[in-house]
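If you want the building blocks of each chain, they are given just below.
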Amino acid sequence: METGKASPALSFCCFLSSRVPSVPQVHVLAMIPADVPLSHLGPMIPADVPLSHLGPSVLLLLQLLLPPASAFFPNIWSLLAAPGSITHQDLTEEAALNVTLHLFLEQPPPGRPPLRLEDFLGRTLLADDLFAAYFGPGSPSRRFRAALGEVSRANAAQDFLPTSKNDPDLHFDAERLGQGRTRLVEALRETVAAAKALDYTLARQRLGAALHALQDFYSHSNWVELGKQQPHPHLLWPRQELRSLAQVGDPTCSDCEELSCPGNLLGFTLLTSGYFGTHPSKPPGKCSHGGHFDHSSSQPPRGGINKDSTSPGFSPHHMLHPQAAKLALLASIQAFNLLRSRLGDIGFSRLLDITPASSLSFVLDTTGSMGEEINAAKIQARHIVEQRRGTPMEPTHYVLVPFHDPGFGPVFTTSDPDNFWQQLNEMHALGGGDEPEMCLSALELALLHTPPLSDIFVFTDASPKDAFLTNRVESLTQERRCRVTFLVTEDPSRAQGRARREVLSPLRFEPYEAVALASGGEVIFTEDQYIRDVAAIVGDSIADLVTLPLEPRVVVAERPLVFRVDGLLQNVTVRIHGEVSSFWIRNPAGVSQSQEEGEGPLGRTHRFGRFWMVSMNDPPQSGTWEIQVTAKGTPRVRVQGKEDDIPGKGTGRPESSISHIHHGKVSAFGPPSAQTSLDFLFHFGIPMEDGPHPGLYPLTQPVAGLQTQLLVEVTGLGSRGNPGGPLPHFSHVVLRGVPQGAELGQVPLEPRGPPERGLLAASLPPTLLSTSGPFSLELVGQDGVGRGLHRAAPQPCAVVPVLLELSGPPGFLAPGTTAPLSLRIASFSGPQDLHLRTSAKPNFALTSNLSRVHLEQNESASGRLWLEVPDTAASDSVVMVTVTAKNGEPSTMPPTHAFLRLLVRAPAPQDQLPAPAYSTDPVLNTSHPAFHFSTLVTQGEAGGELAGHPWWITFGVMLLLLGLGPW
């Protein structure tokens, strides 16, 4: 174990300044094959067309206070030091949008007019607009943007994680070009393997790592300086040898004493890259990466060659940054197209969640008394599958996990609705057992296999036997951003159906309440006679819902609950659950409706035992609504929305091979929700200043005592049906305690980049980060005409007591090996006496040299774990490693969890092509790709009318067959 001081990160000034850095916008330039050199297109695309409209290169004094980048800057939140620079995030998102547009152009939407390229030329390309054009107005891009965020954050993490940030092979540094190419191709192969194993989270992580290395090549090598106008033709093709490489004894750079070093490369045609830092050390005559904080750049020959940014203080070849970024974008498009060819359109669409839909995930108690619940689940699943089949709402990922006495699992995952229905239809009640069951173990298994931003439905009539998993499952729901709804049947007539060996506590269902609260879900108690009606909420819940805050958040005697409906909402449905004696709902005009069943002045009321549903008439009146509830105990109130006019409904099974899924819903604990695509994503981040890569390191939850940024991404801005009109504006977020709803503070939001991207940032107040307990986020603003907008996040958050960093080897795990993992723990809020627990799923042997640690404020500790992968481990399977840090003293702070996904793969056979002299690493075998054309989207002007040039196809295929080789 190693301990040391953990310096609290300081916020970059750009988060506090009113000056907004210039962030590249995305425009459609032309549709060209990714492998066609720009020079082959003649005058239609000049070779010097810049990727972006870059601002002037300004060297800020702040550069002397910040560490350098050894890559394109990680994300758009770190651009103050070099305004106008293109970041890894920009490159990744622009490339993904280009390939997605081309996918839509090639696969016309069923029942809708085909997209036209000319409609996108010269415009900023936004995910919201793409989805509205393809799937229909109002179709949410939230899941797609969340998937892109996963890839972008994994890309940026290569500059932050201790196992990757200083590895020259992962950044094409130190002339390790052959090793870098091998690692790059292996990361892409791992992306394909993880996607085929249906673990898209791991696939996106490996894709982000691959794109980071690929993009670094064009900034760190001298490919641009050699006058190249196209991506390297062999970088993604491992059976093609890299040629013309500088050897160990070849001098590459001359001495340069200035910040800007335009002529320091010696006149030669060999490919080289710069050295960074002291490991490995720079040989005589070799180039440095360069920049103020690159220690190798002070050793002759001084200076450097990186093109990471527009700033000479960070990038001695800053003047070539636009050209490097342009080639990095083209190469990224190549990589996306390569994955599309390997996965097919359906698999590629699922990799990036190119869909407005959600998944369907069931956790089923199959003990003997569960016959009615199992039948209800079957009915609802069948209804969902049949109603949404062939529409954009059709789920494409299904998860089913059974549990009983005493076991749980196995997990069943599929993308075929018929296979899912067949597996579900084979589920039957199996016989009795003790009342407690392994419910949370089954739920944890479902969470590991369910895509983020999904709903999981648990059907049971028993309390959990494995309540010790409560905290871990809570944390996992927040890491996955999945909402869990428990449908619990409590029926006194079932006394003979369960063998109850002891008197059961009335608090035995509290673990379910805790998990539901943490995930933004709920626990619904019902009886046999109502289970089928109550189970209908499954179909309602997998709609695209947004959350409207209730004030107060919980029912208070003699005080109405207040929520506000804006002009973007429709199909509002109020749900009340509990021992209710009466209630009434009042609209802004003063019209009221009470609990009587049937039609009323505001809508229709249904009652199913202790569960009430009121479906409001459309359109709901805008303004302030009230709900007054009189009940025994603490009833729950929630308002949800259901979309009646589903895009594509009734059009039949689509001809397109693109995966269509149902909208991912966004409803949180307690408050009302309704149908609209205007919503938001969020995550947290800490500015990194203690390493070579300035940027914002993303966190799942804020850390006590650590200055933290809240990052908000508003979705649905581009599909409001008013092109060119004023966009909604969001001014601040409100922070509230959960579940009571007391206001903890308001934090102003600052826009980051063009307004249509909907990117906002805020600095969280230190007082909040010292407060224990969960809190919720509410987004407050106005629509384009000044009317109020109010949205709440789907899940509450919690401040965790320590920062946990768990990282593994950058590649895959081979059966029969032991993999070393790295663990770092840091405390920023005071003394911590921590106990550490580790686990792996599947149950591989896992040992650690760190089981207990005491940390003072601003102290950190490092440890090692060893994961033993047995010979029998299945190839292309996924291992989840969990580390839990719990305070040994009585504390109100929750435990902190770190999760790490790793891929198990059998090593690939060595290629017959001899390895280059500079490397002993094997070159990997690959198979032939199908060729896909790219839609290049950049910030230049629309270049010519290229859509009518069929010679591209012949040229592209000949180029592929003659030179690129298999992958």
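Refer to the structure presented above.
Reference entry: report on the structure contained in this document. Model, not experiment: these values are computed from the prediction.

Definitions and cut-offs
Residues numbered from 1 in each chain as written. Predicted model: local features only at pLDDT ≥ 70, side-chain atom pairs only at ≥ 80, totals over all residues. Heavy atoms only, no water. Helix = DSSP H or I, 4+ residues; strand = E, 2+ residues; numbered from the N terminus. Buried < 20%, exposed > 50% of the residue type's maximum accessible area, 1.4 Å probe, protein only. Contact = heavy atoms within 4.5 Å. Pairing = 2+ DSSP bridges. Axes fitted to C-alpha atoms, helices over the stretch in contact; angles between N-to-C directions. Salt bridge = Lys/Arg side-chain N within 4 Å of Asp/Glu carboxyl O. Disulfide = S-S within 2.5 Å. Expected span 1.5 Å × (residues − 1). Core = buried A, V, L, I, M, F, W, Y, C linked by side-chain atoms within 4.5 Å. Phe/Tyr/Trp six-rings, centres within 6.5 Å; stacked < 30°, edge-to-face > 60°. Lys NZ or Arg CZ within 6 Å of the ring centre and 35° of its normal. Parallel < 35°, antiparallel > 145°, perpendicular 65-115°, else oblique. Nonpolar A, V, L, I, M, F, W, Y, C, P; charged D, E, K, R; others polar.

Further remarks concern the overall build of the protein. Counting its regular elements, the protein contains 14 helices and 36 strands. Scored against the burial criterion, the 967 residues of the protein give a buried share of 62%. For the protein, the share of sequence-separated contacts (at least 6 apart) that also reach a separation of at least 24 residues comes to 77%.

Attention shifts here to the sheet that holds strand S34 (residues 877-887). Here we have 4 strands laid out as an open sheet, ordered S32-S30-S34-S35, and antiparallel in their pairing. The strands lining the two open edges of the sheet, one partner per strand, are strand S32 (852-855) and strand S35 (896-904). Along the sheet, successive strands turn relative to each other by an average axial angle of 25°, direction set aside. Summarising the sheet, S34 and S35 pair through 9 bridges and their orientation is antiparallel. Its bridge partner being in S35, Ala-885 is matched across the sheet by Thr-896. Here helix H5 (residues 200-220) sits on the sheet in contact with S34 and S35, set at roughly 80° to S35.

Here the structure, examined in full by the defined rule, presents 43 salt bridges. A salt bridge links Arg-787 to Asp-783, with the shortest nitrogen-to-oxygen separation between them at 2.8 Å. Accessibility expressed as a relative area gives 49% for Arg-787, which makes it partly exposed. Asp-833 is the salt-bridge partner of Arg-852, the closest N and O atoms lying 3.0 Å from each other. Of this pair, Arg-852 sits in strand S32 while Asp-833 sits in strand S30 (residues 832-841), and the two are 19 residues apart along the sequence. Look at Arg-852 and you get partly exposed, because its relative accessible area is 49%. Given the relative accessible area of 16%, Asp-833 is considered buried.

All chains considered together, the criterion is met by 2 disulfides. Across the disulfide, Cys-253 is cross-linked to Cys-287 (sulfur-sulfur distance 1.9 Å). For the disulfide bridge between Cys-253 and Cys-287, the dihedral angle about the S-S bond is near 95°, and by the sign convention the bridge is right-handed. On the criterion of sequence distance, the pair formed by Cys-253 in the loop between H5 and helix H6 (321-351) and Cys-287 in the loop between H5 and H6 is long-range, its members being 34 residues apart. Take Cys-287: its relative accessible area is 0%, and that puts it in the buried class. One disulfide bridge connects Cys-256 with Cys-261, the sulfur atoms lying 2.1 Å from each other. Handedness of the Cys-256-Cys-261 disulfide follows from its S-S torsion of about -90°: it is left-handed. For the protein, numbering the cysteines in disulfides from first to last along the sequence yields the connectivity 1-4, 2-3.

Here the focus is helix H7 (residues 371-388). A rise of 1.5 Å per residue sets the reference length of H7, with its 18 residues, at 26 Å; its end C-alpha atoms lie 26 Å apart and thus fit the reference within 8%. In the stretch just after H7, Gly-390 is the one whose phi turns positive, near 80°.

Right, let's get into the nonpolar core. Ranked by size, the top nonpolar core spans 69 residues in total, and within it Leu-207, Leu-214, Tyr-218, Phe-336, Phe-348, Leu-351 and Leu-352 carry the most contacts. Breaking this core down by element, the ones donating at least two residues are helix H1 (88-106), helix H2 (127-135), helix H3 (142-157), helix H4 (177-196), H5 and H6. Among the elements that make up this core, the one with the highest residue count is H6 (15 residues).

Tallying each qualifying case throughout the model produces 23 aromatic pairs. With a centroid separation of 4.9 Å and 85° between ring planes, the pair formed by Phe-217 and Tyr-218 is classed as edge-to-face. An aromatic cluster of at least three residues, connected via ring pairs, comprises Phe-104, Phe-131, Tyr-134, Phe-135 and Phe-144. A cation over an aromatic ring shows up here: Lys-228 above the ring of Trp-223, its NZ or CZ 5.2 Å from the ring centre.

On to the packing of H7 against helix H8 (residues 417-425). The N-to-C vectors of H7 and H8 enclose an angle of 170°; their axes lie 10 Å apart at closest approach. In terms of their interaxial angle, H7 and H8 are classed as roughly antiparallel. Between H7 and H8, the residues in contact are Ala-377, Lys-378, Ala-381, Arg-382 and Val-385 and Pro-417, Phe-420, Trp-421, Leu-424 and Asn-425, respectively. Here the contact of H7 with H8 is composed, by residue class, of 7 nonpolar, 1 polar and 2 charged.

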